[in-house]
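Descriptive analysis of the structure
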Amino acid sequence: MEFALTKEQALIQKAAREYADKFIEPIWKQIDEENKVPDEILKGLGELDLFGIPFPEEYGGAGAGYVSYVLVMEQLAAASSGIAMIVSAHTLGLGAISRFGNEEQKKKYMLKACKGEHIASFAFTEPGTGSDPKQITTTAVKDGDSYLINGTKRFISNANFPGPAVIFANESESGKITAFIVDKSSAGYTVSEPWDKNGMHGGPLVDVYMKNVRIPAENILGEIGMGYSILQVGISFGKVGMSSTALGGILAARNEAVKYAKEKTHRDLPIARFQSVQLLIADIAAKYEACKWLTYRLGYQADHFKDPRQFAKDAALTKTFVSESLVDAARQAMAVHGSYGLMRDYKIERIWRDCIIGPQIEGVSDMQKVIVANVTLNS
Ligand SMILES: Cc1cc2nc3c(=O)[nH]c(=O)nc-3n(C[C@H](O)[C@H](O)[C@H](O)COP(=O)(O)OP(=O)(O)OC[C@H]3O[C@@H](n4cnc5c(N)ncnc54)[C@H](O)[C@@H]3O)c2cc1C
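Keep in mind it's a predicted model, so treat the numbers as computed, not measured.

Here we come to the overall build of the chain. When you go through the chain residue by residue, the secondary structure sums to 12 helices and 10 strands. Here the C-alpha radius of gyration of the chain, 21 Å, is about what a compact globule of 379 residues would show, namely 21 Å. Summarising its shape, the C-alpha atoms of the chain cover approximately 80 × 45 × 40 Å along the three principal directions. Put simply, the chain has 379 residues, and 55% of those count as buried. Long-range pairs, those at least 24 residues apart, make up 73% of the contacts in the chain with a sequence separation of at least 6. Of the roughly 16900 Å² of accessible surface on the chain, 54% is carried by carbon and sulfur atoms. Computing the positive centroid from 42 side-chain charges and the negative centroid from 45, the chain places the two 4 Å apart.

As structure tokens, this is what we get:
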């Protein structure tokens, strides 16, 4: 068993931390208030290859694997979970193309996306379903050499950026769920105003309306009827992004609690001397360590797993444990801050709004526990 980072992993972690400290930390409040990530930040992330970390170099990626991806995401999320949300959803969408796409599709859609010139999406959820693929109503009707796609997708991250979207629809001839690559600049593809969500500001969330969006039949991802498998595998990899985003939140909560405990004084001495505050800090520190190793391990498993069922279980387990731990850690860091933590001037106020999102998305925590229980009981 080896707990040390490789030289390459340590370098990429350092590069992400330095970028976050220098360019994101100074504007986290601006991103939160304006609910927008400045274009130059996205450009900077692209220049550092952070939009293509785990993907092969021949398709424009950094070829650095999912452990490096986890290390980068942790640092980005600690500074701004909205930025982490953009990279996470992008890597989820692009990961499906990388894993299931053919040579032409990968060349066509990955090169620009790995450089951040295009930002990918992964669109499953609809107004009528977030957890049950069988209830998908979006249709893809064969029309000569192409498909006409009609339907509404709800709560889709990054859907307003140019680039490819992996869209799940019922294929007309088979009646089966199939994944399609849709260019977000296609005629008939429009999006709503952004949802006014409570946290993770800067990460855009819109509904997608598709009205007779015509796409060539060669844009089927994988094969007709493979949609459910692509969804399951894709979402398992997506949970690597969500887990590391939550881990970054715990790191930020820990840092904010420590900083405040040393700065705030009672009777001229820092509140860090109170045992009640020390107990909170110790609890947050323990959560961070446990979640760190669980998430780093998931990154390793994403690169090396042999059994997809076990990987799906470990992804569900990690995402649930780490995102629920963030909610607890944020509550404890809030307690260290007293009433000041409720004020927008303090970063913990933002972390508190951000933290509840992880357990609610990419499969709510209860559904993750069902996956964990099923695999555990039947292994
Ligand atoms: C910030 C954010 C980003 C998102 N990004 C994307 C994206 O990029 N792409 C995308 O496709 N979606 C995205 N979503 C949507 C999100 O993944 C779904 O909303 C989420 O999976 C939950 O679905 P739901 O809201 O329909 O909840 P439901 O499925 O309606 O669940 C509600 C409750 O019912 C319970 N429940 C549901 N079904 C069952 C069952 N069979 N058995 C027992 N209990 C059940 C659940 O446990 C839960 O407690 C995003 C959402 C947010 C907030």
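Here we take up the site of the ligand. Inspection of the region around the ligand gives 20 residues, with Phe122, Phe124, Thr125, Ser131 and Ser157 positioned closest. Threonine 125 is positioned with one of its side-chain polar atoms (N or O) 2.7 Å from a nitrogen atom of the ligand. Here glutamate 362 contributes a backbone N or O atom positioned 3.2 Å from an oxygen atom of the ligand. Against a free-state accessible area of 980 Å², the protein chains account for coverage of 61% of the ligand. Examining the composition of the shell around the ligand, we find that three residues originate from one element, strand β3 (residues 146-157), more than from any other. Along the lines of polarity and charge, the residues of the shell around the ligand split into 11 nonpolar, six polar and three charged. Both domains that meet at the shell around the ligand, namely domain 2 (121-226) and domain 3 (228-377), each give it at least three residues.

So, on to the pairing of strand β5 (residues 177-183). The buried fraction of β5 is high, at six of seven residues. Bridge count between strand β4 (residues 164-171) and β5: seven bridges; the pairing is antiparallel. Bridged to asparagine 170 within β5 is isoleucine 177. Between β4 and β5, which follow one another and run antiparallel, lie five residues, and glycine 175 among them has a positive phi close to 70°. Where β5 lies against strand β8 (residues 220-221), two bridges are found, and the strand directions are antiparallel. Counted as the bridge partner of phenylalanine 180 is isoleucine 220 from β8.

The phi dihedral of asparagine 158 is positive, around 65°, even though this residue is not glycine. Following the sequence through the fold, asparagine 158 ends up in the loop between β3 and β4. At aspartate 268, a residue that is not glycine, the phi angle is positive and equals roughly 70°. Residue position: aspartate 268 is located in the loop between β9 (265-266) and β10 (269-270).

Here we take up the domain arrangement of the chain. Here the domain parsing of the chain yields domain 1 (7-114), domain 2 (121-226) and domain 3 (228-377). A C-alpha centroid distance of 23 Å is found between domain 1 and domain 2. Carbon and sulfur atoms supply 67% of the area that domain 1 and domain 2 bury against each other, a total of about 1800 Å² over both sides. On the domain 1 side of the interface with domain 2, the three residues burying the most area are Asn35, Met85 and Tyr109, jointly 32% of the side's total. On the surface where domain 1 and domain 2 come into contact, there are zero salt bridges. Linking domain 1 with domain 2 are six residue pairs in polar contact (both at pLDDT 80 or more). Listed by contribution, the elements that provide at least two residues to the side of domain 1 that touches domain 2 are α2 (28-34), α5 (81-100) and α6 (103-114). The greatest single-element share of the side of domain 1 that touches domain 2, amounting to 11 residues, is contributed by α5.

Glancing now at the packing of aromatic side chains. All told, the structure shown has 14 aromatic pairs when counted by the stated rule. Judged by centre distance (4.9 Å) and plane angle (40°), the rings of tyrosine 19 and phenylalanine 23 are tilted. Residue tyrosine 19 and its partner phenylalanine 23 are located together in helix α1 (residues 7-24), separated by four residues, close to a single helical turn. Residue tyrosine 19 is classed as buried on the basis of its relative accessible area of 9%. You can call phenylalanine 23 partly exposed: its relative accessible area is 40%. Taking 5.1 Å as the distance between ring centres and 65° as the angle between the ring planes, the aromatic pair formed by tyrosine 147 and phenylalanine 180 counts as edge-to-face. Taken together, the positions of tyrosine 147 in strand β3 and phenylalanine 180 in strand β5 put the pair 33 residues apart, joining distant regions of the chain. On the accessibility criterion, phenylalanine 180 (0% relative accessible area) is buried. One aromatic cluster is present, built from ring pairs that chain together Tyr66, Tyr69, Phe237, Phe305 and Phe311. Over the ring of phenylalanine 155 we find arginine 154; its NZ or CZ atom is 6.0 Å from the centre of that ring. Its end group placed over the ring of tyrosine 288, arginine 254 keeps NZ or CZ at 4.9 Å from the ring centre.

Cut-offs applied
Residues numbered from 1 in each chain as written. Predicted model: local features only at pLDDT ≥ 70, side-chain atom pairs only at ≥ 80, totals over all residues. Heavy atoms only, no water. Helix = DSSP H or I, 4+ residues; strand = E, 2+ residues; numbered from the N terminus. Rg over C-alpha atoms; globule rule 2.2 N^0.38 Å. Buried < 20%, exposed > 50% of the residue type's maximum accessible area, 1.4 Å probe, protein only. Contact = heavy atoms within 4.5 Å. Areas by Shrake-Rupley, 256 points an atom, 1.4 Å probe, with all protein chains shown as cover. Lys, Arg positive; Asp, Glu negative; His and termini not counted. Charge placed at Lys NZ, Arg CZ, Asp CG, Glu CD. Near = heavy atom within 4 Å. Polar contact = N/O pair within 3.5 Å; in protein donor to acceptor, adjacent residues only side chain to side chain. Nonpolar A, V, L, I, M, F, W, Y, C, P; charged D, E, K, R; others polar. Domains from an automatic or database assignment. Pairing = 2+ DSSP bridges. Buried area = accessible area lost by both parts, 1.4 Å probe. Salt bridge = Lys/Arg side-chain N within 4 Å of Asp/Glu carboxyl O. Phe/Tyr/Trp six-rings, centres within 6.5 Å; stacked < 30°, edge-to-face > 60°. Lys NZ or Arg CZ within 6 Å of the ring centre and 35° of its normal.

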